[in-house]
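A closer look at the structure
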Amino acid sequence: MSLTVIPLSGFLGAGKTTTMVAAAGVLGRAGRSVALITNDQGADLVDTATARARVEQVDEVTGGCFCCRFEDLSTLVDRLVAEGATDTVVIEAVGSCTDLQATVVRPLRQIYGADLVVAPLTTVVDPYRLRAFSRAWSQGEESELAYLFDRQLAEADVIAVSRADVADPALLATCVATVRERYPHARVVTCSGRSGVGLDELVEAWTQPAAAERDLAIDYDRYAAAEAALAWLNQRFVVTAQDVTALDPVLWSRTVMEELRRACDAGGHVVGHVKLRTSTAAGDVKLSLVGGDAVLDEHVDGLVADAVAVLNTRVACEPEEMDTMLAHAVAAADRVCGTRTRRDGDALSFKPGYPTPVHRLPAQV
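Before going into details, it helps to say that this report is about the structure given with it. Computed from a prediction, not measured in an experiment: that's the story for all the values here. Residue numbers restart at each chain and count upward from 1, following the sequence in its written direction. This being a predicted model, a pLDDT of at least 70 is required before a residue's local features are given, and a value of 80 or more before pairs of side-chain atoms are given or counted; all residues contribute to the totals for chains, interfaces and linings. By convention in this description, side-chain values take in all heavy atoms of the structure and omit both hydrogens and water.

1. Points about the overall build of the chain
Scanning the chain for helices and strands turns up 11 helices and 14 strands. It is over C-alpha atoms that the radius of gyration is taken, and the globule rule equals 2.2 Å times the number of residues to the power 0.38. What you see for the chain is a C-alpha radius of gyration of 20 Å, in line with the 21 Å of a compact globule of 365 residues. The C-alpha extent of the chain, read off along each of the three principal axes, is 65 × 50 × 40 Å. Across the 365 residues in the chain, those meeting the buried criterion constitute 55%. Look at the contacts in the chain between residues 6 or more apart in sequence, and 78% of them connect residues 24 or more apart. In this description, accessible areas are obtained by the Shrake-Rupley approach with a 1.4 Å probe, and a residue is regarded as covered only by the protein chains that are shown. With an accessible surface of roughly 14800 Å², the chain has 50% of that area assigned to carbon and sulfur atoms. Runs of E in the DSSP output that reach at least two residues are strands. Runs of H or I that reach at least four are helices, and both are numbered from the N terminus. Relative accessibility decides the category of a residue: with a 1.4 Å probe and only protein chains considered, values under 20% of the type maximum give buried, values over 50% give exposed, and everything between is partly exposed. It only takes one pair of heavy atoms within 4.5 Å for two residues to be counted as in contact.

Structural data, given as structure tokens:
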């Protein structure tokens, strides 16, 4: 039995994890045995915890993107192939990664041969983010981040326009038209991991042949500059109520996120994404911030004595600025909630290094 590998890409905050987990449910109900592999430049991922709450088998590759940590990805794939219990694995690339056809998809096909079936590369795109970058393209003001975003879509076999259940219908239609005109080689589907809209069509697209191979024109210096424009931080906190059971985890989490949003707005910092998962004995609170207001994805009611919070931030600013903004946000949450918060570990913000793929195979024309 061959293992099917479904590669997902897409810019930070596009909804990849939500789409991946929901699609895993569709595949599972169709009789497939599904595993997930997440990926990040750092460790302690909110997305991994989110996936593990819904899917039994979830692994992660940390410390760099799939292309630069290909041996780690290969080790996980080797195990799945050897065990033979899983027939499908969805691999979700870092949100700042591109050139996956040459550095991940083709190497997997070449190395594993008949042991693997690699599905069409799918890029998930947020229509609101596409609108913002499209304006920059039309005005001739393409930033390095806009360049990276474009290259992610340019190499896709399938483009999944997310948030189809909540996006303004006119915006969604404009987004689809833009994608079809700019990237005519790709199959375009609209979907929502939250409501399930369009997921059957997306899963069906993964069973179709990939588009004809083509080399992606990419400037690695610009690609590296786009990644280095972002301050990355994965930080764990321990939050304790000063009044025994008086910690409101929703209020604490919302205050942290709102303070970070205000600071980013004030500094003119583009938010790739900010994700916060606050775990308590009563359940978890999860918030995400991409643009505008923070979205409460999961919540619990009532007060608790303590909590463990994991925060992942990807913001276009200097690492020192990110650390300062976060310190102020946590201090504000402690003032509002009457809590004491300490860092669990000494993680600091960082910029990713220059992408150096283990493999980079040209298209076979």
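2. Points about the sheet that holds strand S12 (residues 295–298)
Any two strands are treated as partners once DSSP identifies two or more bridges connecting them. Read across the sheet, 6 strands follow the order S12-S11-S10-S13-S9-S14 without closing on themselves; strand pairing throughout is antiparallel. The open sheet has two edge strands with one neighbour each: S12 and strand S14 (339–343). Each strand of the sheet is rotated relative to its neighbour by a mean of 20 degrees, with strand direction disregarded. As judged from the 3 bridges shared by strand S11 (residues 283–289) and S12, these two strands associate in the antiparallel manner. Looking at S12, one finds that Lys-286 is bridged to Glu-298. To obtain an axis, a line is fitted to C-alpha atoms, over the contacting stretch when the element is a helix, and the angle between two such axes runs from 0 to 180 degrees between their N-to-C directions. Most of the contacts of helix H10 (residues 249–267) go to strand S10 (residues 271–280), to which it runs at about 165 degrees, and overall it touches strand S9 (231–241), S10, S11, S12, strand S13 (306–315) and S14.

3. Digging into the pairing of strand S7 (residues 158–161)
What you see with S7 is no split at all: Val-158 and Ala-160 on one side and Ile-159 and Val-161 on the other are buried throughout. Where strand S6 (residues 122–125) lies against S7, 4 bridges are found, and the strand directions are parallel. Bridge pairing links Thr-122 to Val-158 in S7. One ladder, built from 4 bridges, connects S7 with strand S8 (residues 187–190); its direction is parallel. In the sheet register, Ala-160 faces S8, and the bridge partner there is Val-189. Chirality of the crossover, the property in question, places the unit of S7, helix H7 (residues 169–182) and S8 among those that are right-handed. Classification remark: right-handed applies to a crossover when, strands pointing away from the viewer, the course from the first strand over the helix to the second runs clockwise.

4. Some remarks on unusual backbone geometry
The phi dihedral of Asp-99 falls on the positive side, at around 65 degrees, and the residue is not glycine. For Arg-163, which is not glycine, the phi dihedral falls at a positive 60 degrees. Checked against the element boundaries, Arg-163 lands in the loop between S7 and H7. Classification of Arg-163 as partly exposed rests on a relative accessible area of 23%.

5. Thoughts on the packing of aromatic side chains
Only Phe, Tyr and Trp rings are paired, with Trp represented by its six-membered ring, and only when their centres lie within 6.5 Å; those with planes under 30 degrees apart are stacked, over 60 edge-to-face, the remainder tilted. All told, the structure shown has 5 aromatic pairs when counted by the stated rule. Look at Phe-11 and Phe-149: their rings are 5.8 Å apart centre to centre, the planes differ by 75 degrees, and that puts the pair in the edge-to-face class. Placement of the pair is Phe-11 in the loop between strand S1 (3–9) and helix H1 (16–29) and Phe-149 in helix H6 (residues 144–154), with a sequence separation of 138 residues. Among the residues examined, Phe-149 registers a relative accessible area of 3% and is labelled buried. On the numbers, 4.7 Å between centres and 45 degrees between planes, the contact of Phe-133 with Phe-149 is tilted.

6. Some points on helix H4 (residues 100–112)
Along an α-helix, a turn takes 3.6 residues, which lines up residues three or four apart on a common side. At Arg-106, H4 is bent by approximately 30 degrees, the largest bend along its length, and proline Pro-107 sits one to four residues beyond. Where burial is concerned, most of H4 is hidden: 10 out of the 13 residues are buried. Burial in H4 covers these residues: Leu-100, Gln-101, Ala-102, Thr-103, Val-104, Val-105, Arg-106, Pro-107, Leu-108 and Tyr-112. On its buried face, H4 is in contact with S1, helix H3 (70–83), strand S4 (88–92), strand S5 (116–118) and helix H9 (220–228). Two residues or fewer past H4, Gly-113 is found with a positive phi of approximately 55 degrees. Bending is quantified residue by residue as the angle between axes fitted to the seven-residue window ending at that residue and the seven-residue window starting at it.

7. A look at the packing of helix H5 (residues 127–138) against H6
The interhelical angle for the contact between H5 and H6, taken along N-to-C directions, is 115 degrees, at an axis separation of 10 Å. Accordingly, the angle class assigned to the pair H5 and H6 is roughly perpendicular. Judged by the twist between their axes, the crossing of H5 over H6 is left-handed. For the pair H5 and H6, contact is made by Arg-129, Leu-130, Phe-133 and Trp-137 and by Leu-145, Ala-146, Phe-149, Asp-150 and Leu-153, respectively. Orientation categories follow fixed angle ranges, with anything under 35 degrees roughly parallel, anything over 145 roughly antiparallel, 65 to 115 roughly perpendicular, and all other angles oblique. Two helices that cross are described as forming a left-handed crossing if the nearer one is turned anticlockwise from the farther one by less than a right angle, and a right-handed crossing if clockwise.

8. Digging into the pairing of S4
Each regular strand shows side chains that alternate between the opposite faces of the sheet. For S4, the buried fraction is high: 5 of the 5 residues fall into the buried class. Side chains Thr-88, Val-90 and Glu-92 of S4 all project onto a buried face; the interleaved residues Val-89 and Ile-91 project onto the opposite face, where all are buried too. Sheet topology note: the S1/S4 ladder contains 5 bridges and is parallel. In the strand pairing of S4, Pro-7 is matched with Ile-91. Relative to S4, strand S2 (residues 34–39) is paired through 4 bridges, and the arrangement is parallel. Looking at S4, one finds that Val-34 is bridged to Thr-88.

9. Quick look at the packing of H3 against H4
Packing of H3 against H4 brings their axes to within 12 Å, and their N-to-C directions diverge by 45 degrees. Classified by the interaxial angle, the pair formed by H3 and H4 is oblique. Along this stretch, H3 crosses H4, giving a crossing that reads as right-handed. Residue-level contacts link Phe-70, Leu-73, Ser-74, Val-77 and Asp-78 of H3 to Thr-103, Val-104, Pro-107, Leu-108, Ile-111 and Tyr-112 of H4. In this classification, Asp, Glu, Lys and Arg are treated as charged, Ala, Val, Leu, Ile, Met, Phe, Trp, Tyr, Cys and Pro as nonpolar, and every other residue, Gly included, as polar. When the residues that make up the contact of H3 with H4 are grouped by side-chain class, the tally is 8 nonpolar, 2 polar and 1 charged.

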